[in-house]
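Tertiary structure, described
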Amino acid sequence: MKIIPDRLVALGFGKFVRSDRIVALVPIEEDRGSGRRTLVYVEGIREPLVAGRTEGTIVRDMVGTESGAVELLRELQAQIGQVRPLLKSSIRSEAGLDLDRLAARISDLTGEEEPAESRPEPPERLL
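Structural notes, computed from the coordinates.

Each value, and the rule that gives it
Residues numbered from 1 in each chain as written. Predicted model: local features only at pLDDT ≥ 70, side-chain atom pairs only at ≥ 80, totals over all residues. Heavy atoms only, no water. Core = buried A, V, L, I, M, F, W, Y, C linked by side-chain atoms within 4.5 Å. Buried < 20%, exposed > 50% of the residue type's maximum accessible area, 1.4 Å probe, protein only. Helix = DSSP H or I, 4+ residues; strand = E, 2+ residues; numbered from the N terminus. Salt bridge = Lys/Arg side-chain N within 4 Å of Asp/Glu carboxyl O.

**Examining the nonpolar core**
Core analysis: the biggest nonpolar cluster contains nine residues, these being V9, L11, V17, I22, V40, V42, A51, I58 and M62. Elements supplying a minimum of two residues to this core: β1 (8-12), β4 (38-42) and α1 (55-63).

Written out as structure tokens, the structure reads:
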């Protein structure tokens, strides 16, 4: 996930912090209650700020909705990996859709290695 710089992140109760200044989020476990969900450590501020929002919500605001697109791409890549080679070949010839190429492009975009099950199998040798 990439943090979107210069984005203001709401911590709750009128507190906002720049996304690229947040260095750590720690969920509050003891004395947690209304308005006390997360300790937010901010660059340049000695003591952590108490946020009324959960760490997951704060992180989503820091990275933006773009991170949801990455999750969708990962799910699509996993689904492509479950398609059998014969069906992939049929889809390629009938619809012009190369699922293996799509899976490889998803790997490039997400920066993650393509799962082995989505890689094309080498062609069988003719005897």
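We are not done yet, so read on.
**Section: unusual backbone geometry**
For D6, which is not glycine, the phi dihedral falls at a positive 65°. Its place among the elements puts D6 in the segment before β1. Residue classification places D6 among the exposed positions, given a relative accessible area of 53%. You will see that D31, though not glycine, has its phi angle at about 60°, which is positive. On the basis of relative accessibility, which here comes to 65%, the residue D31 falls in the exposed class.

**Section: the pattern of salt bridges**
All told, the structure shown has seven salt bridges when counted by the stated rule. Here D20 and R18 are joined by a salt bridge, their closest N and O atoms 2.9 Å apart. Taking the relative accessible area as the measure of exposure, R18 reaches 31% and is therefore partly exposed. In this structure, R21 and E43 form a salt bridge, with 2.9 Å as the shortest nitrogen-oxygen distance. Pair noted here: R21 is in the loop between β2 (15-18) and β3 (22-27) and E43 is in the loop between β4 and β5 (49-51), with a separation of 22 residues, a long-range link. Residue classification places E43 among the partly exposed positions, given a relative accessible area of 43%. Counted as one network, the salt bridges with shared partners bring together K88, R92, D98 and D100.

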